Amino acid sequence: MIDLTSLNPMQRLAVENTEGPLLVLAGAGSGKTRVLTYRVAHLMENGVPAWKILAITFTNKAAKEMKERVLALAGSAAEDCWISTFHACCAKILRRDIEKLGYKRSFTIYDEDDRNAVIKQCMKALEMDEKQYPPRMLKSVISDAKNRLLSPEEWFQESDKTFREKKMMEAFQRYESTLKDNNALDFDDLLVKTLQLMADNPPVLQYYQDKFSYILVDEYQDTNAAQYELVKLLASRSRNLCVVGDDDQSIYGWRGADIRNILVFE
């Protein structure tokens, strides 16, 4: 039996209210992650198979710590829970079904050095001066567009449509086709391609909606548009979504985090 008496009354309320959407807003050091770990263990103790639980956080370190804490509470059966970062979760989904998008399952995930090399290669082919178009700036534009689920053309339509932005769109387009030719994804693509996979293949979406009866998200204030859409899609069938966060503590604004996701949760 899991000892819930070590939780304060509000933590215990959040752990035991398992059905339907639940938002936990609390400050730093108030035990938000503790609520998530106890909630997973409580679900398992009440008959929910571990493989039907998805718990998502933002860093590999946080995911590792959460997994260890759940294992300490629920035992080895918790190994079957999906406890990971957004990107690791998406990579796992894509390894199973990315062939439906025209890639091979053996796709490569490009790191920052790979991305920089491809961007410079694309700029060189388009005779773009690196002083005029700093590669770091172009990489940031591409990443921001992907986090907002914009294609190169959609990004251009949102811009001022200057000659400079037209050249950047062309580099973005070339970057995308180069990655596809190399059977590669960048870090942002893990989310974008997972959403595309589910949008284009309803049976895949239904499989994961049925698989994950309970979804928990840590640090929800740091979700961006792509992460929000993924959570919304996966939870739309069961509606058993628990998100925890602190609306005063968003730290990933530079990565497209949208504080509105937590403010409009209700």
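Further up the page is the structure itself.
Just so we're clear, the structure is a prediction, and the values are computed from it rather than from any experiment.

Colleague: Explain the overall build of the protein chain here, please?
Modeller: In terms of regular secondary structure, the protein chain is built from 12 helices and seven strands. Radius of gyration (C-alpha) of the protein chain: 20 Å, near the 18 Å computed for a compact globule of 266 residues. Seen along its three principal axes, the alpha-carbon backbone of the protein chain occupies a region of about 65 × 40 × 30 Å. A total of 266 residues make up the protein chain; the buried ones form 51% of that total. For the protein chain, the share of sequence-separated contacts (at least 6 apart) that also reach a separation of at least 24 residues comes to 74%. Total accessible area on the protein chain is roughly 13100 Å²; 50% of this is exposed by carbon and sulfur atoms. For the protein chain, the distance from the average site of its 36 positive side-chain charges to the average site of its 40 negative ones is 3 Å.

Colleague: What is the right way to read the packing of aromatic side chains from this model?
Modeller: Given two aromatic rings, one states the distance between the centres and the angle between the planes to describe the pair. Scanning the entire structure with this criterion turns up five aromatic pairs. Their ring planes at 65° and their centres at 5.0 Å tell us that Trp82 and Phe212 sit as a pair that is edge-to-face. In this pair, Trp82 sits in strand β3 (residues 82-85) while Phe212 sits in the loop between α10 (202-211) and β6 (214-217), placing the two residues 130 residues apart along the sequence. With a relative accessible area of 11%, Trp82 lands in the buried category.

Colleague: Teacher, can you tell me more about the packing of helix α4 (residues 86-97) against helix α9 (residues 189-200) here?
Modeller: When two helices pack together, you describe them by how their axes are tilted relative to each other and by the distance separating the axes. At a minimum axis distance of 9 Å, the contact between α4 and α9 shows a crossing angle of 50°. Considering their axes alone, α4 and α9 lie oblique with respect to each other. Taken as a pair, α4 and α9 cross one another with a handedness that is left-handed. Contacts between α4 and α9 involve Phe86, His87, Cys90, Ala91, Ile93, Leu94 and Asp97 on the former and, on the latter, Leu190, Leu191, Lys193, Thr194, Leu197 and Met198. For the contact of α4 with α9, the per-class residue count stands at nine nonpolar, two polar and two charged.

Colleague: Can you walk me through helix α11 (residues 225-235) in this structure?
Modeller: Side chains that are three or four residues apart share a direction in an α-helix, a result of its 3.6 residues per turn. Along α11, the residues classified as buried are Ala226, Gln227, Leu230, Val231, Leu234 and Ala235. All buried residues of α11 project into a common sector of 150° when viewed along the axis, lining one side. At the N-terminal end of α11, a side-chain oxygen is found 3.1 Å from the backbone nitrogen of Ala226, two or three residues along, and the residue is Asn224.

Colleague: I tried to follow unusual backbone geometry on my own but got confused; where do I start?
Modeller: Across residues other than glycine, the phi torsion is negative in most instances, and most of the peptide bonds are trans. With a phi angle near 60°, Leu149 is a residue other than glycine that sits in the positive phi range. Inspection of the secondary structure puts Leu149 in the loop between α6 (135-147) and α7 (152-158). Look at Leu149 and you get partly exposed, because its relative accessible area is 33%. Phi is positive for Glu219, which is not a glycine, with a value near 50°. Its place among the elements puts Glu219 in the loop between β6 and α11. On the basis of relative accessibility, which here comes to 24%, the residue Glu219 falls in the partly exposed class.

Colleague: Please clarify how the pairing of strand β1 (residues 22-25) should be interpreted in this entry.
Modeller: It is a general feature of regular strands that their side chains alternate between the two faces of the sheet. Residues Leu22 and Val24 point to one face of β1 and are all buried, whereas Leu23 and Leu25, pointing to the other face, are not buried. Sheet topology note: the β1/strand β7 (residues 241-245) ladder contains four bridges and is parallel. Paired with Leu23 across the strands is Val243, a residue of β7.

Cut-off values and rules
- Residues numbered from 1 in each chain as written.
- Predicted model: local features only at pLDDT ≥ 70, side-chain atom pairs only at ≥ 80, totals over all residues.
- Heavy atoms only, no water.
- Helix = DSSP H or I, 4+ residues; strand = E, 2+ residues; numbered from the N terminus.
- Rg over C-alpha atoms; globule rule 2.2 N^0.38 Å.
- Buried < 20%, exposed > 50% of the residue type's maximum accessible area, 1.4 Å probe, protein only.
- Contact = heavy atoms within 4.5 Å.
- Areas by Shrake-Rupley, 256 points an atom, 1.4 Å probe, with all protein chains shown as cover.
- Lys, Arg positive; Asp, Glu negative; His and termini not counted.
- Charge placed at Lys NZ, Arg CZ, Asp CG, Glu CD.
- Phe/Tyr/Trp six-rings, centres within 6.5 Å; stacked < 30°, edge-to-face > 60°.
- Axes fitted to C-alpha atoms, helices over the stretch in contact; angles between N-to-C directions.
- Parallel < 35°, antiparallel > 145°, perpendicular 65-115°, else oblique.
- Left-handed = near helix turned anticlockwise from the far one by under 90°.
- Nonpolar A, V, L, I, M, F, W, Y, C, P; charged D, E, K, R; others polar.
- Arc of directions from axis to C-beta.
- Polar contact = N/O pair within 3.5 Å; in protein donor to acceptor, adjacent residues only side chain to side chain.
- Pairing = 2+ DSSP bridges.

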